[in-house]
Structure formats: structure tokens, C-alpha cells
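In case you want the letters, here they are:
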Amino acid sequence: MTITLIPGKTDLSQLQAIWRGKEPVRLHDDARPGIEAAAKMVRHAAQGEAAVYGVNTGFGKLASVKIAAGDTAHLQRNLILSHCCGVGEVLDKDTTRLMMALKLLSLGRGASGVSLATVTLIEAMLAKSVLPVIPVQGSVGASGDLAPLAHMAAAMIGAGEAFFADERLPAEEALHRAQLEPVQLGPKEGLALINGTQFSTACALEALFGAWRNAAACVVTAALSTDAIMGSTAPLVDEIHTLRGHTGQIEVARAQRALMDGSEIRESHRDGDTRVQDPYCIRCQPQVSGAAMDLLHFAGRTLQVEANAVTDNPLVLVDQGLIVSGGNFHAEPVAFAADQIALALSEIGAIAQRRVALMVDPTLSFDLPPFLTPDPGLNSGFMIAEVTTAALMSENKHLANPCSTDSTPTSANQEDHVSMAAHAARRLKRMNVNLNVILGVELLCGAQGIGFRAPLQTSAALQGVISALRKAIPPVVGDRYLAPDLHHAAEMIAGGTIIAGLDLPSYIRGAAA
């Protein structure tokens, strides 16, 4: 099934479908007249005497250099080749697809001046899975993601490299095998392709989709931990949270309360429990994780707007008959969104790690055995698994330091303030992976702790989660090689296995479905 995009109106669910799937992607037919009208204006400007930035002039600090009409095509090809300066590892294929779709959305607004041939080549490359090889390092997030997008554009003109049929090939050969022809760039087209925030935005969206799965999973793992240490559900009472009024906090409390409803473990200690209050990692879970979810929703709104935005320069204002220079390529909104996602991931992990520490500590876990092993001393149980979560929690705290507050002048001081959105977004992938492990260990510890409460049973919803876990990972009876268990548990978090089938509110699932 082809995914049809309406520029300006594409939502996060469609973008996630592109990222997770392999379906062809195309612009709605209604976008084509606007694309053609803008391209006609650019062709006319290229033949004129008036200097129009990027159409018949040089670029950046060289904008004052006038280019002859006969050299405009050569100018665009030189631009692409000279800007292919990306380094580092290669962007994954799913995010490359998403980046290309975002470029389609931007060009489809009819303000970039590219030809229909350029747009249809991107559509055809997506349909036939010809995916440019994109080195991930080299963008400072203004003037757009120049280096990464140049590598995308290079593949379109038959330069650089591309993946096709799981092979990494010279781009010209990849296009040939897919029965596609390289595009011949006209005036401004190279600039329109590389001037934009699509690389940073695609990486940030990838992180947002992963963050939602982590955020939804943390509600489940927190409920398991709470029952494992025989924690109180009194702090989940709805009135506490509605009195404060934050949506995320209210929804997390309601969801966790519903997940624990019917637990025999919970009912067993309503009376006669000498503990007055649980530690903050149990009692304040809605306040912390709920606030993180509110941040993710805010970041998601920003990224949805940016996904539909025109972010190249100059812009072709067809109705006004103008081609004007601006600064929409500056990725500050994306950098801010990425920093917000980083804060959310860090704090979800920080409070989850404290719950893991709580469960393995016999002085705090309400009579669970030390390190959750039935034979402590001879066995170390989850001792070092907890240390691993501490290491990853601390790593994420460092990674959460803001990138958007950094800047450095580039391009001979013409581009004297930049966003750093690209690595702000890229570092989120590592943070999500770290959080997958932290929550995976909490999942293992919570299930192990609940097992020690037998014959008392947890709720039906949580027992379903434990049953799904036990199909892949048995309880830890004696010490064993634990690394595969941590890996499998992290995969269950990342893949959405533990939230599958649970009736979690849409606010908590976010874009995780």
C-alpha cells in the first residue's frame, strides 16, 4: 500500500508508518501544480539579470559572485559534490527513508522551485528502496543539514553511494539496477535539496518513536516494581493528581492504578503495614514519568510542524511573485525538541534505576531476598545487573546535557550562529538503547520479586506481562550467564512486547503504537 503525503498536513502516525515500514511514499497529486509553478519562477529568474541567491549566484560567503545563465546547472552539481563532506557511521536505512520522505514533504509545499522530475525521482527511489548512503556526522544544523543532505542529493545525480537490494553500491549503479535515471539538476535544485532540516528531524523523530515505547513501558515496569516491594497504591489516588493538573501525571497514575487493580499482593498489606510512606521512586513515579511524557508530547508537536515545514532557502513565494532569502534552515526548534526528549529519557531512566536498586536491597525491599536470589551468598543474583543500570543511567545523564546551547561560527562567519540539532538528535538513539536496558532489568527484577510473593498473585494485567516475559526468559534460580537475559529483556522493551495487549491510554502510548 502506498503512503500518500499531503504537504502541511502529515501527522506523526504517518511518519512512524514510513519509518517502521517499507511501503512506497508519494506526494498527493494536489501538490504538483504548486511545485511546477515555483519551478517556472526559478527558471525565469535564472535567465534574468537580477541576482537571486542560489539561483544565479554563489553560496554562503560567495553569494556576491554572479553566475552566468549557462553555468547554473553546473553550479548546482558543484554545490552537491563540494558539500559531500559527511563522516562517521552510516545512517540506518529506516531513518534514511524517513529523511527522504520529509524532503518530499518540504518540496511538496511548492516554495522550493524544484522540478517535478526531482520530486518523482525521490518517490521512485523510495518505492524501489534505493537508499543513499548518508554519513551521520558533519552537520551543525544551519544552513540546514548540508553535508548529510548533500550525500542524499549526490545519489540522485548518480554520484556517491546508495543501498539497493541489500548491497552498498556506487549510486549510479544502484539507480541503473532499479531502472532509474539520475536527475539533471536545474537552477536552485541542488540548494533546495541540501538546505533543510530533514536529517536532524528524521533522527529526532526516530528517537521520539523509541522514547514513546520506553515511556509506556516504564508505567508497566513501575507497576511490577511497586507490587514486588509491596508498595502502596494510595499515592495513585486520582484526586492527588487532578489537584495538580498535569495531564501526564494524571494519566500515568490512572494507568498504573488500573494495571495493579486486583492484585492479591496489594490487598495483603493494606492493614497492619508499619511503613508510612514508600521511597520517592515508587511514590513519585506519576509526577516524574508523567512530566517526561508531557515533554515528549511537546517535542512531538514541534517535530510534526517541522516535518511539514519548508526549510530551504531562498523561498519561492509564487502568489507574491517573489524569491526571498530567509533563515528557515536554522534547526533551533529541532535542537530544542531533541534536548527535551533527552531530558525525558534521562529522568525516566533515573527513577527506574532507583526502583531496581530498591528491589535488590533487602533493607528496603520489604523482605525480598538480597539481590533477588533464593540462595544469597552462594549466588549474586541481580547484583551486577543493578550496577549495569547505574552505569547506563549515569551515561544518559551526561548525554542529556543540552546541545542547543552550543554554537560556533562557520563559513567565514557568514553562518555565525548554528543549532547543533544534528548531534542533538543523533545522541538520542544511544539514550533510548540505554533506557531499553534499564527498563529491561527493572522488568526482570519486578517479575522475580513478584515470584517471591507466592502464593499471593499480582493483578491479571501484570501476570500477563510476566507470562510473556517467561516465554523468553525463565526466573533466575541460581546464578547463570545473564547477558543474554538483559539483551532479550531490552528487546522486549524496545519492540513494544510488554505493552502489547495492555489497555494503556493513548496519551501514554503517544506515537508508540
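The paragraphs below set out a description of the structure included in this document.

**Topic: unusual backbone geometry**
Turning to step 1, where the next piece is worked out: The omega torsion of the bond from Ala142 to Ser143 falls at 0 degrees, within 30 degrees of zero and hence cis.
Turning to step 2, where the next piece is worked out: Looking at where Ser143 falls in the secondary structure, it is placed in the loop between β5 (135-137) and α6 (146-156).
Turning to step 3, where the next piece is worked out: The omega angle of the peptide bond from Asn313 to Pro314 is -5 degrees, so this bond is cis rather than trans.
Turning to step 4, where the next piece is worked out: Checked against the element boundaries, Pro314 lands in the loop between α14 (285-307) and β8 (315-317).
Turning to step 5, where the next piece is worked out: Look at Ala165: it is not a glycine, yet its phi comes out positive at around 50 degrees.

**Points about the pairing of strand β7 (residues 167-170)**
Turning to step 1, where the next piece is worked out: Relative to β7, strand β6 (residues 161-164) runs antiparallel, the two being bridged by 4 bridges. Along β7, the bridge assignment pairs Ala162 with Leu169.
Turning to step 2, where the next piece is worked out: Here β6 hands over to β7 after 2 residues, with Ala165 in that stretch at a positive phi of 50 degrees.

**So, the sheet that holds β7**
Turning to step 1, where the next piece is worked out: Spatially, the 3 strands line up as an open sheet ordered β4-β6-β7, and their pairing is antiparallel. Two strands in the sheet have a free side with no partner beyond their single neighbour: β4 (131-132) and β7.
Turning to step 2, where the next piece is worked out: Of the strand pairs in this sheet, β4 and β6 are connected by 2 bridges, and their pairing is antiparallel. Across the sheet, the residue bridging to Leu131 is Phe163, located in β6.

**Re the pattern of salt bridges**
Turning to step 1, where the next piece is worked out: Counted under the stated rule, the structure contains 18 salt bridges.
Turning to step 2, where the next piece is worked out: Between Glu395 and Arg430 there is a salt bridge, with the nearest N and O atoms lying 2.8 Å from each other. With Glu395 in helix α16 (residues 383-399) and Arg430 in helix α17 (residues 421-451), this residue pair connects regions lying 35 residues apart in the sequence.
Turning to step 3, where the next piece is worked out: A salt bridge links Arg480 to Asp485; the nearest nitrogen and oxygen atoms lie 2.7 Å apart.
Turning to step 4, where the next piece is worked out: We classify Arg480 as partly exposed; its relative accessible area is 30%.
Turning to step 5, where the next piece is worked out: When salt bridges that share partners are traced, they join Asp92, Glu206 and Lys429 into one network.

**Quick look at the packing of helix α9 (residues 198-228) against α17**
Turning to step 1, where the next piece is worked out: Relative to each other, α9 and α17 sit at 15 degrees, their axes nearing to 8 Å. By the criterion of interaxial angle, the relationship of α9 to α17 is roughly parallel. Crossing handedness for the pair α9 and α17: left-handed.
Turning to step 2, where the next piece is worked out: The residue inventory of the contact of α9 with α17, partitioned by class, reads 18 nonpolar, 9 polar and 5 charged.

**What to know about the packing of helix α4 (residues 93-107) against α9**
Turning to step 1, where the next piece is worked out: Contact geometry of α4 with α9 gives a least axis separation of 8 Å together with a crossing angle of 125 degrees. The orientation of α4 with respect to α9, classified from their angle, is oblique. Every pair of crossing elements has a handedness; the one defined by α4 and α9 is right-handed. Two secondary-structure elements touch here, α4 through Thr95, Leu98, Met99, Leu102, Lys103 and Ser106 and α9 through Gln198, Phe199, Thr201, Ala202, Cys203, Leu205, Glu206 and Phe209.
Turning to step 2, where the next piece is worked out: A class-by-class count of the residues in the contact of α4 with α9 yields 8 nonpolar, 4 polar and 2 charged.

**Side note on the packing of aromatic side chains**
Turning to step 1, where the next piece is worked out: Summed over all chains, the structure comprises 1 aromatic pair.
Turning to step 2, where the next piece is worked out: An angle of 40 degrees between the planes, with centres 5.5 Å apart, marks the rings of Trp19 and Phe209 as tilted. Linking Trp19 in helix α1 (residues 12-20) with Phe209 in helix α9, this pair joins segments that are 190 residues apart in sequence. Of the two residues, Trp19 and Phe209, neither departs from the other in class, the shared state being buried.
Turning to step 3, where the next piece is worked out: The ring of Phe366 has Arg275 lying over it, and the distance from NZ or CZ to the ring centre is 3.6 Å.

**With respect to the environment of Val252**
Turning to step 1, where the next piece is worked out: As for its placement among the helices and strands, Val252 is situated in helix α11 (residues 247-260).
Turning to step 2, where the next piece is worked out: Judged by relative accessible area, which is 0%, Val252 ranks as buried.
Turning to step 3, where the next piece is worked out: For the pair formed by Val252 and Ile282, sequence separation is 30 residues and the distance between their alpha carbons is 12 Å.
Turning to step 4, where the next piece is worked out: Setting aside its immediate chain neighbours within four residues, Val252 contacts Val219, Gln285, Pro286, Ser289, Gly290, Met293 and Ile508.

About the thresholds
Residues numbered from 1 in each chain as written. Predicted model: local features only at pLDDT ≥ 70, side-chain atom pairs only at ≥ 80, totals over all residues. Heavy atoms only, no water. Helix = DSSP H or I, 4+ residues; strand = E, 2+ residues; numbered from the N terminus. Pairing = 2+ DSSP bridges. Salt bridge = Lys/Arg side-chain N within 4 Å of Asp/Glu carboxyl O. Buried < 20%, exposed > 50% of the residue type's maximum accessible area, 1.4 Å probe, protein only. Axes fitted to C-alpha atoms, helices over the stretch in contact; angles between N-to-C directions. Parallel < 35°, antiparallel > 145°, perpendicular 65-115°, else oblique. Left-handed = near helix turned anticlockwise from the far one by under 90°. Nonpolar A, V, L, I, M, F, W, Y, C, P; charged D, E, K, R; others polar. Contact = heavy atoms within 4.5 Å. Phe/Tyr/Trp six-rings, centres within 6.5 Å; stacked < 30°, edge-to-face > 60°. Lys NZ or Arg CZ within 6 Å of the ring centre and 35° of its normal.

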